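# Overview (structure and organization)
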Number of protein chains: 2
Amino acid sequence: MKSRLATYFGIPNLNVLKIPGSGQQHVPCHVGLCRKYRMSKESLAEQIANRLRRDILRGKLLPGMSVKERDIAAEIGVSRTPIREAIRILSKEGLVELRPSRSPIVALSDMSEVSDQIEVLVALEKLSAELACKNASSDEIKHLSDITDYMANHFDSTDPLDMFEIDMSFHTAIAAASGNKALADTHGTFLRRLWRARYLSAIQKRNRDRVVNHHTAILDALRAGDGTAARDAIDNHLQHLARDIRSVIEQETATESE
Amino acid sequence: MKSRLATYFGIPNLNVLKIPGSGQQHVPCHVGLCRKYRMSKESLAEQIANRLRRDILRGKLLPGMSVKERDIAAEIGVSRTPIREAIRILSKEGLVELRPSRSPIVALSDMSEVSDQIEVLVALEKLSAELACKNASSDEIKHLSDITDYMANHFDSTDPLDMFEIDMSFHTAIAAASGNKALADTHGTFLRRLWRARYLSAIQKRNRDRVVNHHTAILDALRAGDGTAARDAIDNHLQHLARDIRSVIEQETATESE
DNA sequence: TTTTCTCCGATGGTATACCATCTTTCGCGG
DNA sequence: CCGCGAAAGATGGTATACCATCGGAGAAAA
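Being a predicted model, the structure only gives us computed values, none of them experimental.

When pLDDT is averaged along chain A, the result is 80; 82% of the residues meet or exceed 70. Highest mean pLDDT in chain A belongs to helix α6 (residues 111–135) of chain A (95); lowest belongs to helix α1 (residues 4–9) of chain A (31).

In structure tokens:
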């Protein structure tokens, strides 16, 4: 019997053959085989964290739901140890909330928390843009340019979710172009935390021209190496985003309290 | 026999009585007793993380040293499980570096990384100050004022390490006064990451007047609710700090390569 | 019927055992 | 003497077992 984990991650039969109740004595090490067969260099815990993160961000696990170690372990077919570790990873990212001697729950972010996070994200991204003006390589600029072009040309013919991810990659690329790793990491953390709110907003408030214009303005400032203009362009872009997110959340909470 | 952990954390005899080799069957739960006796609400892993964090930041564990789960577990007298978790916590804070299938090592922050982190810290603290202008309560302002007064009056008669921690609390208090929890948390993370570099710099470049003047300027801006002035004052203060840190690190690396 | 208390099940925390991998060292052949 | 390979030790990754705690269900008392 092939474990659900194997199925989920597309690991072939030769790997992770698990007979329920047989213990783990003769089961090959996942990581080891993964590495040997060049399948995955992540530890089980990281893979599980990725899986749970996606489930949370996509809404399969809703805010407030409890995340039980044993249940998830049984569902995936691994022991509790890597599940625990995955949950800790997600808690550090702010996606789940640990409670002493209780099940962790999927973090429920109210409006004020989301607003706070947006505020920080804006500051980080403005700094990213400013630094990118000095440090971005021509390749990185081209990458940003390609993303913008693609969005302009395929906005209406692409799945909204895909387009959303492309949009995200634009912002991630700016953070990367800053050349400041600590900044890019932290920026990425906040982007992930806001993923769900951004996603909900993005699929509702689709506005090709606005997005493309904003991105173009940012790109122009980066090309010109004008730090102040880049900050302003980012600020303008994200203030619109913040407004959209707020309106979506208000709408969502209003629906819930009906 | 009292375990070293108990000794280390000042936990009295009734708690965490551990007979080496006796297993854990009849040993009371640390957390439980801790809570019952109002001793500590932290889990073992968190306590260990705190201990290791201090050891790293104070220089007992030097950058580049390996952090072996088994050794630490044996030294403290607990199992590897909470040690693992503690190490993960520290890795998320950037204090230790995880390596696949290798011992984690204490993060060695070269100049460029520290510079990057300072850059982010400055941005976060400028935002904190700006927000604090709007959101700080009179109590919070008074707290900041008290800290500044204390530093002015006791700078030379206080242990440099204590004075350093007081200085840190000034900056933490500003972040808290922003009213933005996500911001305060992230700011705290960067402050911790830079603890060692800041500490080394602080004990070398003691300059009462400069620090007090800077803090006073920041405080005045906060009182006036002048966001721009607050940002500038913070920026000025931290640019001096950055310069000091850089010079200390240059000096340190020069000494090492002798 | 309501309230309180007790007990048990669910769940997270910790300890221990085992496995895969990597590193290092030692031995053998050139 | 040198280089290569195999075996053993060190170390992180995972599985499993046990314990303390907490909350709710059910019983007992008001």
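All names here are of chain B. Viewed as axis vectors pointing N to C, helix α8 (residues 160–177) and helix α10 (residues 195–204) meet at an angle of 125°, and their least axial separation amounts to 10 Å. Here α8 lies oblique to α10, going by the angle between them. In this structure, the crossing between α8 and α10 has a hand that is right-handed. Between α8, through P160, L161, F164, E165, M168 and H171, and α10, the contact on the second element is made entirely by W195, R198, Y199, A202 and I203.

Okay, the layout of surface pockets next. Within this model, the second largest pocket holds a volume of roughly 590 Å³. Surrounding the second largest pocket, 30 residues form its lining, A:A123, A:K126, A:R231, B:A123 and B:R231 being those nearest its centre. Contributions of two or more residues to the lining of the second largest pocket are made by α6 and α12 (227–256) of chain A together with α6 (111–135) and α12 (227–256) of chain B. Split into classes, the residues belonging to the lining of the second largest pocket amount to twelve nonpolar, four polar and 14 charged.

Superposing chain B onto chain A takes a rotation of 180° plus a shift of 0.0 Å along the axis, which leaves an RMSD of 0.1 Å. The superposition of one copy onto the other is thereby described by a two-fold rotation axis. A high fraction, 96%, of the interface residues of chain B reappear at the interface in chain A, so the copies pair face to face through one surface.

The rules we used
- Residues numbered from 1 in each chain as written.
- Chains lettered and ligands numbered in written order.
- Predicted model: local features only at pLDDT ≥ 70, side-chain atom pairs only at ≥ 80, totals over all residues.
- Heavy atoms only, no water.
- pLDDT = per-residue confidence, 0-100.
- Helix = DSSP H or I, 4+ residues; strand = E, 2+ residues; numbered from the N terminus.
- Axes fitted to C-alpha atoms, helices over the stretch in contact; angles between N-to-C directions.
- Parallel < 35°, antiparallel > 145°, perpendicular 65-115°, else oblique.
- Left-handed = near helix turned anticlockwise from the far one by under 90°.
- Contact = heavy atoms within 4.5 Å.
- 1 Å grid on protein atoms, 1.4 Å probe; cavity = no way out; pocket = protein on both sides within 12 Å on 5 of 7 lines; lining within 4 Å.
- Points joined across faces, edges and corners; volume = space filled by probe spheres on them.
- Nonpolar A, V, L, I, M, F, W, Y, C, P; charged D, E, K, R; others polar.
- Least-squares fit on C-alpha atoms with pLDDT ≥ 70 in both.

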